[in-house]
Amino acid sequence: MKKKLLYIGSIGLIMTLFLIVFATRCLSDREVIPRPFTAFDLLIGEDALPIYWQVDGTPVSPLGEGDEDDSYVVFIAANSDAMAAQTIYRLPSRKTAESVYDTELPYLFRDESIVRDSPWQIPDQLSYVSPYTNRQHMACTTYSSLYICQYLAQYEEFVTVFSSYIDERVMTLEQFNGVVQQIDQRFAQLLQLSPLSDNSN
C-alpha cells in the first residue's frame, strides 16, 4: 500500500510538472540550445544510489508526450516498498527554465495539502549546496505517513526534480544528500559548468 501511494505521488508529480512545463512552452519563444547529449544522458543511474536500489523499468519520456528530450526514471529498493524518482525537463531557453523553476518551487514545496502530515522542513543533514547553481531547493515532509525528501534545481535550460522515500534501512538523509551531489556533478560535467564563484571574479 505504501509503495502504491508513493508511486501515485511520483506519477502525480510528473504529470503536474508536465502540464506546467507544457503550458510554459506554448507561451514561449523556442530557442533550442544545441547539445551533444540528451536529457536521458543527464539522468542518474543505479550507481548514484545505495547498492540495494535498482531501476524500475526503463527510463522514459514523461507520459510519452512533451519535448522528446524530457526524461524520467524510477528506482525501487530491493526487499522494500521504497521508491525514488528523477524527472528532467529540457525547456526552450534558460529564461523559460527560470520561469518553470519559479513556478514549481512554491508548488512542489507547499504545505497546504491534505496528504501531507507535516510542513516541509530542511534537516541539518541536507547540507549540500551546489557550487554550480543558486537555483536549487531540497526539503522533507511526511506524505501519507511516508517520510520523503525532494530536490528541485535548474541548470541552464534544464529543470530536474528528485524525490525519495527516506528510511534508515534504504535511504538515509545523508545518502539523499549524497545523491543530490551526484545529480549536481552530473549536470556540471555534461553542461561543462564552472563554479559560480569563478564567474563572479
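Calculation notes
- Residues numbered from 1 in each chain as written.
- Predicted model: local features only at pLDDT ≥ 70, side-chain atom pairs only at ≥ 80, totals over all residues.
- Heavy atoms only, no water.
- Helix = DSSP H or I, 4+ residues; strand = E, 2+ residues; numbered from the N terminus.
- Buried < 20%, exposed > 50% of the residue type's maximum accessible area, 1.4 Å probe, protein only.
- Polar contact = N/O pair within 3.5 Å; in protein donor to acceptor, adjacent residues only side chain to side chain.
- Pairing = 2+ DSSP bridges.
- Core = buried A, V, L, I, M, F, W, Y, C linked by side-chain atoms within 4.5 Å.
- Contact = heavy atoms within 4.5 Å.
- Phe/Tyr/Trp six-rings, centres within 6.5 Å; stacked < 30°, edge-to-face > 60°.
- Lys NZ or Arg CZ within 6 Å of the ring centre and 35° of its normal.
- Salt bridge = Lys/Arg side-chain N within 4 Å of Asp/Glu carboxyl O.

Draft legend 1. The arrangement of the side chain of Thr96 in detail. Among the secondary structure elements, Thr96 is positioned in helix α3 (residues 94-108). The class for Thr96 is buried, based on a relative accessible area of 6%. For Thr96, the side chain forms a polar contact with the side chain of Ser93, separated by 2.9 Å.

Draft legend 2. Quick peek at the pairing of strand β2 (residues 71-77). Of all 7 residues in β2, 7 are buried; the element is thus mostly enclosed. Across the two faces of β2 the burial is the same, with Ser71, Val73, Phe75 and Ala77 and Tyr72, Val74 and Ile76 all buried. As judged from the 3 bridges shared by strand β1 (residues 53-55) and β2, these two strands associate in the antiparallel manner. Looking at β2, one finds that Gln54 is bridged to Ile76. Here β2 folds back onto strand β3 (residues 83-90), and the loop between the two strands holds 5 residues, one of which, Asn79, carries a positive phi near 55°.

Draft legend 3. Structural view of the nonpolar core. In this structure, Leu49, Trp53, Tyr151 and Phe176 are the most contacted members of the largest nonpolar core, which totals 52 residues. Counting residues per element, the ones that place at least two in this core are α2 (39-42), β2, β3, α3, β4 (136-143), β5 (146-155), β6 (158-165) and α4 (173-191). When sequence neighbours within four positions are dropped, the list of residues in contact with Tyr151 reads Gln136, His137, Met138, Thr160, Val161, Phe162, Phe176, Val180, Ile183 and Asp184. Counting residues in each nonpolar core, the second largest holds 5 residues, with Tyr72, Val74, Ile76 and Met83 among its members.

Draft legend 4. View of the packing of aromatic side chains. Per the counting criterion, the structure on display carries 5 aromatic pairs. Between the aromatic rings of Phe37 and Phe158, the centroid separation amounts to 6.3 Å while the plane-to-plane angle is 25°, which identifies the pairing as stacked. Of this pair, Phe37 sits in the loop between α1 (2-26) and α2 while Phe158 sits in strand β6, placing them 121 residues apart in sequence. Comparing Phe37 with Phe158, the two get one shared label, buried. A network of ring pairs unites the aromatic residues Phe37, Tyr155, Phe158 and Phe187 as a single cluster. In this structure, Arg110 packs its charged tip against the face of Tyr107, placed 4.1 Å from the ring centre.

Draft legend 5. Region of interest: unusual backbone geometry. Despite not being glycine, Glu156 shows a phi value in the positive range, around 50°. Within the secondary structure, Glu156 is located in the loop between β5 and β6. Located in the positive-phi region is Gln192, a residue other than glycine, with phi close to 55°. As for its position among the elements, Gln192 is in the loop between α4 and α5 (196-199).

Draft legend 6. Highlighting the pattern of salt bridges. Enumeration over the complete set of coordinates arrives at 6 salt bridges. One salt bridge connects Glu156 with Arg35, and the closest N-O pair in it is separated by 2.4 Å. Pair noted here: Glu156 is in the loop between β5 and β6 and Arg35 is in the loop between α1 and α2, with a separation of 121 residues, a long-range link. Ionic pairing is found between Arg35 and Glu157, a salt bridge with its closest N-O pair at 2.8 Å. A residue pair is termed long-range when its members are at least 10 positions apart, and Arg35 in the loop between α1 and α2 and Glu157 in the loop between β5 and β6 qualify at 122 residues. If you follow the salt bridges from partner to partner, you end up with Arg35, Arg90, Arg94, Glu156 and Glu157 in one network.

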